[in-house]
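# Structure at a glance
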Number of protein chains: 2
Amino acid sequence: MHVQVPDSVSTLGPCGGCAHCLTCEARSRSICSVISPEHSARLARYSHRLSVPQGRSFIEEGQPAEDFFIVTSGHAKLFSLMPDGRRQITGFANTGQFLGLASGKTYAFSAEALDALTLCRFSRSGLSTLRRDFPALENRLMEEASRELVQAQSRMLLLGRKTARERLASFLVEQHHLQSGLDHRPPSDRTLTLPMSRTDIADYLGLTIETVSRTLNALQREHLIVIRFVTLITLLDLAALEAMARGD
Amino acid sequence: MHVQVPDSVSTLGPCGGCAHCLTCEARSRSICSVISPEHSARLARYSHRLSVPQGRSFIEEGQPAEDFFIVTSGHAKLFSLMPDGRRQITGFANTGQFLGLASGKTYAFSAEALDALTLCRFSRSGLSTLRRDFPALENRLMEEASRELVQAQSRMLLLGRKTARERLASFLVEQHHLQSGLDHRPPSDRTLTLPMSRTDIADYLGLTIETVSRTLNALQREHLIVIRFVTLITLLDLAALEAMARGD
DNA sequence: CGTATCTTTGAGCTTCATCAATAGAAGTGG
DNA sequence: CCACTTCTATTGATGAAGCTCAAAGATACG
């Protein structure tokens, strides 16, 4: 299976801005807005901006892992497939997240754009040079790897031991925390805009779409959430959802 | 919940040897046997050897993550608990593996010795100094984080999408690969010595002990394995088990 | 050698998956 | 703007994989 990056994944030219983000030590996941012209010029040599349309795949599991990416806008899903088509979404990537850290010689997952997506691409072979040029990058990489490992462990607990209700509650709370971190939303806003389909949620939580649908409607019947629209959900009782997510 | 390292986890003094392993770039997970006296002396300042008896816990989830460890002999299990006692083992650690990379300010998991365990302990606060002193360590850390992330993703697929049979097959094949990598065993030996109990296997695979027991016996009835003893299993048809593990 | 712990085996049940039908949303072309 | 198709989501009926409860059999240990 030989897969090229499709034509519609267009290169937009060098990117100094998001490369700066790479070396930013701030805990915030948002892209740093301030960037020195000197940094920008040096980093532009390493990075390229990419634009990926909705539904387009840009990483194929098993392909040589030549690049790694940082999401600069939009959302992506990362997943593994089994021969018979069973799918597990191992994570969603939002603005500021790294893609491709978890790879050996080949990618361990596929990645697809959930909506209009822009990326910053780096060559993995150039990574050692990049790390020498920007020592602060080391910390950023370790921090990100650490964060992803912690997340992976809580997802193993979810997939291995939680009930369908607990999984959905965990998912909703997680999305809430992700979205409440965005700067353009008031922190009191408890309405989620989900960028993914029911199928994606099911494949993320290790359930079927039917169970996702039924369980969400059960949570609505119990006045824990309101499903305003398929992709628009308001959390009525965040504390109860958090308790349910923890399993107590 | 305030937990101290128990008395029976004894400090054995400085460790230059396993610290050397830290900076070793070899892909092999075994401890490097060759170590320069100069390295040894410098590294002894950072590291301490620990001995942990079977069954003893030495990392508690939620405690401040002050140290990280490298296993120098024996086996450990890493796990998360839910309030009602449900448990998910997120991984087993063998000789050469890092413990505590996946941590923020507090540990994200608990860890317990499966048998007599020796560790090399490093202070996380001293990690930045250590990294400055041993630049090769950076690569080793990233390599290890990468490996663990890839492994975490394949475990999400297992926990989210595989059947009980597929989980057991995956587990057996994984153990085979781990154990066939050890230098004191002939590569043709297909008999596993499992260091963990049925309960541990169940909590690792997201199943109950009854299902683990029944499924293993089913595999034996189909002449794929022989259960010579509770902890001693021979793989009769490795290819079939690998196919089953993949899900085809 | 007796007790405690772990593992196996059996019977019944629950949760979630599967299969199937309907309803709703989104896009297409006349 | 409306039929028509297509895709996605919801809802219902049924079934099976794996869990729970229970008891017997092994194994470890003092």
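Going by the structure above, here's the rest.
Keep in mind that this is a model prediction, so the values were computed, not measured.

## Quick look at the packing of helix H6 (residues 198-205) of chain A against helix H7 (residues 209-221) of chain A
Any two packed helices are characterised by how steeply their axes cross, that is the angle between the axes, and by the distance between the axes. All names here are of chain A. Contact geometry of H6 with H7 gives a least axis separation of 8 Å together with a crossing angle of 100°. Here H6 is positioned roughly perpendicular relative to H7, judged by the angle of their axes. Contact with H6, carried on its side by Arg198, Thr199, Ile201 and Ala202, involves Ile209, Val212 and Leu216 of H7 and no other residues of that element. The class makeup of the residues in the contact of H6 with H7 is five nonpolar, one polar and one charged.

## Examining unusual backbone geometry
Although it is not a glycine, histidine 223 of chain A sits at a positive phi angle of roughly 60°. In this structure, histidine 223 of chain A sits in the loop between H7 and strand E11 (225-229).

## Description of the sheet that holds strand E12 (residues 232-235) of chain A
Residue and element names in this part refer to chain A. Strand order across the open sheet formed by three strands is E10-E12-E11, with antiparallel pairing between neighbours. One side of each edge strand has no neighbouring strand; the edge strands of this open sheet are strand E10 (191-193) and E11. Going across the sheet, the axis of each strand differs from the next one's by a mean of 25°, ignoring polarity. Sheet topology places E11 next to E12; four bridges connect them, and they run antiparallel. By the bridge assignment for E12, isoleucine 225 is matched with leucine 235. Against the sheet, H7 engages E11 and E12, with an angle of about 120° to E11.

Here is what the cut-offs are and how they apply
Per-chain numbering applies: the sequence of each chain, read as written, is numbered from 1 onward. Think of it this way: whatever chain is written first is A, whatever ligand is written first is 1, and the rest follow in order. Residue-level local features of this predicted model are given only where pLDDT is at least 70; pairs of side-chain atoms are given and counted only at 80 or more, and the full residue set underlies all totals for whole chains, interfaces and linings. Side-chain measures here rest on the full set of heavy atoms in the structure, leaving out hydrogens and waters. Inter-axis angles, ranging from 0 to 180 degrees, are taken between N-to-C directions of lines fitted to C-alpha atoms, where helices are fitted over the stretch in contact. Numbering of helices and strands runs from the N terminus; a helix is a DSSP stretch of H or I covering at least four residues, while a strand is a stretch of E covering at least two. In this scheme, roughly parallel covers angles under 35 degrees and roughly antiparallel covers those over 145, while 65 to 115 is roughly perpendicular and the rest are oblique. Residue contacts follow a heavy-atom distance rule, with two residues in contact if any of their heavy atoms lie within 4.5 Å. Three classes are used: nonpolar for Ala, Val, Leu, Ile, Met, Phe, Trp, Tyr, Cys and Pro, charged for Asp, Glu, Lys and Arg, and polar for all others, with Gly counted as polar. Criterion used throughout: strands pair if DSSP finds at least two bridges between them.

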